[in-house]
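Observations on the model geometry
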Amino acid sequence: MATPLAQRHCVECRPGTAPLGRNEVDQLLGEVPGWKVDQADGHIRLTRTVTFKGFMPGVDLVNRIAPIAEAEGHHPDLLLTYGSLTIWLWTHAAGGLTDNDFIVAARLDGAISHVLY
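Details of the environment of T86
Positionally, T86 belongs in strand β4 (residues 84-89). On the basis of relative accessibility, which here comes to 12%, the residue T86 falls in the buried class. In the structure, T86 is positioned 59 residues away from Q27 in sequence and 23 Å away in space, judged by C-alpha atoms. Aside from chain neighbours lying at most four places away, what touches T86 is T47, R48, T49, D77, L78 and L79. At 3.0 Å, the side chain of T86 and the side chain of T49 are in polar contact.

Below, the structure is given as structure tokens:
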């Protein structure tokens, strides 16, 4: 049995790392409910928008996300607005999605579950 994503850790990616194929992406996407794959500015990325009341729950969530991302050495793009936080993940070195993106998404889900909606 494979180790759950939230219990795994990122591995270093270098330029030229191959991105995951569509079948692999679809399989891993099933392990991170609430996340979706989109494409913008030529990037295929994993994305999730969390909504809440007010501004400070988003600040709290950013503060929960930051140490997770730093520990994994894999940093999402974050857009905080009043009432929502959008999170984008992709592996720049691979030019697409890798296991690392799904690992971080799964690990962030624990932080997201603590947000007051």
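There's more to say after this.
Considering the pattern of salt bridges
In total, this model carries seven salt bridges according to the counting rule given. Between R64 and D60 there is a salt bridge, with its nearest N and O atoms 3.2 Å apart. Residue R64 and its partner D60 are both found in helix α2 (residues 56-72); the two are separated by four residues, about one turn of the helix. By relative accessible area, R64 is classed as partly exposed at 33%.

Side note on the environment of L29
Positionally, L29 belongs in helix α1 (residues 22-29). Expressed as a C-alpha distance, the spacing of L29 and L46, which sit 17 residues apart in the sequence, is 8.8 Å. Setting aside residues up to four positions removed in sequence, L29 forms contacts with W35, K36, V37, L46 and F102.

Digging into the sheet that holds strand β2 (residues 43-51)
Within the open sheet, the four strands sit side by side as β1-β2-β4-β3. Their pairing is antiparallel. Strands at the two margins of the open sheet, each flanked by one partner only, are β1 (36-40) and β3 (77-81). Pairwise comparison of adjacent strand axes, ignoring direction, gives a mean angle of 30 degrees for this sheet. The sheet contact formed by β1 and β2 spans five bridges and is antiparallel. Directly across from Q39, in β2, lies its bridge partner I44.

Side note on α2
Over its 17 residues, α2 runs 25 Å from end to end, which matches the ideal 24 Å to within 8%, given 1.5 Å per residue. Here α2 has its buried residues at P57, G58, L61, I65, I68, A69 and E72. Buried residues along α2 sit against β2, β3, β4 and α3 (99-112). Taken from the residues just after α2, G73 is the one with a positive phi, measuring 65 degrees.

Quick notes on unusual backbone geometry
Phi at D41 is positive, roughly 55 degrees, even though this residue is not glycine. For D41, the position within the fold is in the loop between β1 and β2.

Rules used in this analysis
- Residues numbered from 1 in each chain as written.
- Predicted model: local features only at pLDDT ≥ 70, side-chain atom pairs only at ≥ 80, totals over all residues.
- Heavy atoms only, no water.
- Helix = DSSP H or I, 4+ residues; strand = E, 2+ residues; numbered from the N terminus.
- Buried < 20%, exposed > 50% of the residue type's maximum accessible area, 1.4 Å probe, protein only.
- Contact = heavy atoms within 4.5 Å.
- Polar contact = N/O pair within 3.5 Å; in protein donor to acceptor, adjacent residues only side chain to side chain.
- Salt bridge = Lys/Arg side-chain N within 4 Å of Asp/Glu carboxyl O.
- Pairing = 2+ DSSP bridges.
- Axes fitted to C-alpha atoms, helices over the stretch in contact; angles between N-to-C directions.
- Expected span 1.5 Å × (residues − 1).

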